[in-house]
Amino acid sequence: MTNDLALRFKYICGRYWRVLVPALIVVSALAFATAAAGVTTPDQPQQTTVETDSMAIETTVSTAATVTGNTTLYERGDTLTDMPVYLRSATPEVRLIAETTTPTDRTVSVTQQVVLRLSATRNGEVFWSDARTLAMDSEAVTNGTLRTETTLNIEQLARGELANVTAETGGVGAVQAEVVAVAVYETDAYSGRTTAATPLRITDRAYELQTPQRDRQTNTTTVQQAVDGGAGGAGFLRTWGSALAADVGVSLGGLLALGLAAVIWLTSKRIGDFDAFRRHYERARYVEWISRGSVPETGELARVPVETLVDLVDIAIDSEKRVIHDTDREVYAVVDGNLMYEYRDGDDHDTNEFGFVPAATLMEAFESGAAASDDGTEVTADAETPETADSWFGGDVASSDRDADAPRETDA
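Everything quoted here is computed from the prediction, not taken from an experiment.

## Concerning the overall build of the chain
Thinking step 1. The helix and strand tally for the chain stands at 8 helices and 16 strands.
Thinking step 2. With the model as given, the accessible surface of the chain reaches about 25,400 Å², and the carbon-plus-sulfur share is 52%.

Given below as structure tokens:
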């Protein structure tokens, strides 16, 4: 695989060096010019967005209940906090606690309330709702905390308002209850709202509140600030250590392009005769389609000259045949039926595009024969000139023991 890659690289260098070398030199020059412009240009300040004066407000809703009923599970007077479920017989009342925390470095005006919301829904859509404020506080908070607390009698709620709503709806929809802590805050720079809510589910023996629940809001001010783009300095006064990474990368790219151009140029010069190298490259590239053998000089096969080895390999691939290489005669051939396609190594420039001897060669042979006739020398049609001795069909010439008086198959 390594040899194949090296051979292909040499082929590309030899064939395209006239295009690749100038192009790489241009790329290298542009890279060096870009890097030089970056080094000699003073750093420009960059605009960036910076967040300042951050303020966070958080509201939490939690629950607590004191055991006042008769139960063997808890001691009377115990306080249960944020339980997943409360027994109605043990804790008929529950305390709802809303607490909002603010920054201690400023005064924040906070209005906080605990709200009980009732609603009736059908298929997920609300067709009745009601909200009742259970407690509310409004204060300019300076110590960082505002706490609002109220007590909700679960027994009265279940037997009173919830029972009435359930009876009114008559099973048409589902009745739901929710406890919500809402805090509205304001400072000289910011204002906003936090909301923490938990559903209230009441059964015959217990009730559930999913606490604690939290809601947090963060307020910031964004400003545009100018930031230095890097170390100062211009031109050659700028040290290597303060050069931008992009400038260094562009310079290395220019050096790489210049080095590659030199490698391609040197490789093309070492190849020398590219036509000979091309034939060697084609033999190496299509070696899996070529087998060594003997190509007959005479026979009943009709011979078809092929201009290049690549064309002969294409014929072999299309006809699912092998290319036979006669190393003694340096002939490559593909036999397909009564046709034998031939390519003679090194004769690429001795034939025209149809594989026949060029007309110029034939004219030279004719003129030589005419000159001999003018000198009184007898020239016959059987005379063979040096120019035609090495033609594509030289292998088909009859041997020297042929009867000279026998008629020829074709007229000279």
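## Things to note about the sheet that holds strand β8 (residues 174-186)
Thinking step 1. On the basis of which strands lie adjacent, the open sheet formed by 6 strands has the order β3-β10-β9-β8-β5-β6 and antiparallel pairing. Of all the strands in the sheet, just β3 (86-87) and β6 (125-141) have a single pairing partner and so form its edges.
Thinking step 2. Pairing between strand β9 (residues 191-202) and strand β10 (residues 206-209): 3 bridges, direction antiparallel. Residue Leu200 lies in a different strand from β10, and its bridge partner there is Leu209.

## Here's the deal with the environment of Asn219
Thinking step 1. With respect to the helices, strands and loops of the structure, Asn219 is situated in strand β11 (residues 213-227).
Thinking step 2. Counting along the chain gives 29 residues from Asn219 to Tyr190, while the straight-line C-alpha distance between them is 7.0 Å.

## Thoughts on the layout of surface pockets
Thinking step 1. A volume near 230 Å³ is recorded for the second largest pocket.
Thinking step 2. Considering the residues around the second largest pocket, the lining is formed by 14 residues, among which Leu162, Val175, Leu200, Arg201 and Ile202 are closest to the centre.
Thinking step 3. At the level of elements, α3 (161-169), β8 and β9 are the ones that each hand at least two residues to the lining of the second largest pocket.
Thinking step 4. Considering every element that reaches the lining of the second largest pocket, the biggest residue donor is β9, with 4 residues.
Thinking step 5. Across the lining of the second largest pocket, the residue classes tally to 8 nonpolar, 3 polar and 3 charged.

## Some details on the pattern of salt bridges
Thinking step 1. Summed over all chains, the structure comprises 12 salt bridges.
Thinking step 2. The partner of Glu155 in a salt bridge is Arg159, and the shortest N-O contact between them spans 3.4 Å. Pair noted here: Glu155 and Arg159 are both in helix α2 (residues 154-159), with a separation of 4 residues, about one helical turn.
Thinking step 3. When its relative accessible area of 17% is taken as the criterion, Glu155 is described as buried.
Thinking step 4. Among the ionic pairs, Arg344 bridges to Glu342, the shortest N-O distance being 4.0 Å. For the pair shown, Arg344 and Glu342 are each scored as buried.
Thinking step 5. It is possible to trace a salt-bridge network through shared partners that takes in Arg95, Glu99, Arg147 and Glu149.

## Some points on the packing of aromatic side chains
Thinking step 1. Applying the stated rule across the entire model yields 2 aromatic pairs.
Thinking step 2. Ring centres of Tyr86 and Tyr207 lie 5.3 Å apart, and the angle between their planes is 15°; this geometry places the pair in the stacked category. In this pair, Tyr86 sits in strand β3 while Tyr207 sits in strand β10, placing the two residues 121 residues apart along the sequence.

## Points about the nonpolar core
Thinking step 1. Judged by nonpolar contacts, the single largest core of 23 residues is most densely connected at Val94, Leu96, Leu116, Leu152, Leu200, Tyr207 and Leu209.
Thinking step 2. For Leu200, the residues in contact, after removing those within four places along its chain, are Leu116, Leu152, Ile154, Leu157, Ala177, Glu178, Tyr207, Glu208 and Leu209.
Thinking step 3. Ile290, Val306, Leu312 and Val323 belong to the second largest nonpolar core, which has 11 residues in total.

## Here we look at the environment of Gln46
Thinking step 1. Along the chain, Gln46 turns up in strand β1 (residues 46-66).
Thinking step 2. Look at Gln46 and you get partly exposed, because its relative accessible area is 47%.
Thinking step 3. With 179 residues separating them in the primary sequence, Gln46 and Gln225 have C-alpha atoms 8.1 Å apart.

## Some details on the side chain of Thr211
Thinking step 1. On the secondary structure map, Thr211 appears in the loop between β10 and β11.
Thinking step 2. Engagement of the side chain of Thr211 in a polar contact is seen with the side chain of Asp82, the distance being 2.8 Å.
Thinking step 3. Once residues lying within four places of it in the same chain are set aside, the contact partners of Thr211 are Val61, Ser62, Thr63, Asp82 and Thr198.

## Observations concerning the sheet that holds strand β13 (residues 302-305)
Thinking step 1. Strand order in the open sheet formed by 5 strands is β12-β14-β15-β16-β13, and the pairing between neighbours is mixed. Looking at strand neighbours, the two that pair on one side only are β12 (290-292) and β13, the edges of this open sheet. The mean angle between the axes of side-by-side strands here comes to 30°, regardless of whether they run parallel or antiparallel.
Thinking step 2. The pairing of β13 with strand β16 (residues 339-344) spans 4 bridges and is parallel. Across the sheet, Arg303 pairs through a bridge with Met340, a residue of β16.
Thinking step 3. Lying over the sheet, helix α6 (residues 309-319) contacts β12, β14 (323-326), β15 (331-336) and β16, oriented at roughly 25° with respect to β15.

Definitions and cut-offs
- Residues numbered from 1 in each chain as written.
- Predicted model: local features only at pLDDT ≥ 70, side-chain atom pairs only at ≥ 80, totals over all residues.
- Heavy atoms only, no water.
- Helix = DSSP H or I, 4+ residues; strand = E, 2+ residues; numbered from the N terminus.
- Areas by Shrake-Rupley, 256 points an atom, 1.4 Å probe, with all protein chains shown as cover.
- Pairing = 2+ DSSP bridges.
- 1 Å grid on protein atoms, 1.4 Å probe; cavity = no way out; pocket = protein on both sides within 12 Å on 5 of 7 lines; lining within 4 Å.
- Points joined across faces, edges and corners; volume = space filled by probe spheres on them.
- Nonpolar A, V, L, I, M, F, W, Y, C, P; charged D, E, K, R; others polar.
- Salt bridge = Lys/Arg side-chain N within 4 Å of Asp/Glu carboxyl O.
- Buried < 20%, exposed > 50% of the residue type's maximum accessible area, 1.4 Å probe, protein only.
- Phe/Tyr/Trp six-rings, centres within 6.5 Å; stacked < 30°, edge-to-face > 60°.
- Core = buried A, V, L, I, M, F, W, Y, C linked by side-chain atoms within 4.5 Å.
- Contact = heavy atoms within 4.5 Å.
- Polar contact = N/O pair within 3.5 Å; in protein donor to acceptor, adjacent residues only side chain to side chain.
- Axes fitted to C-alpha atoms, helices over the stretch in contact; angles between N-to-C directions.

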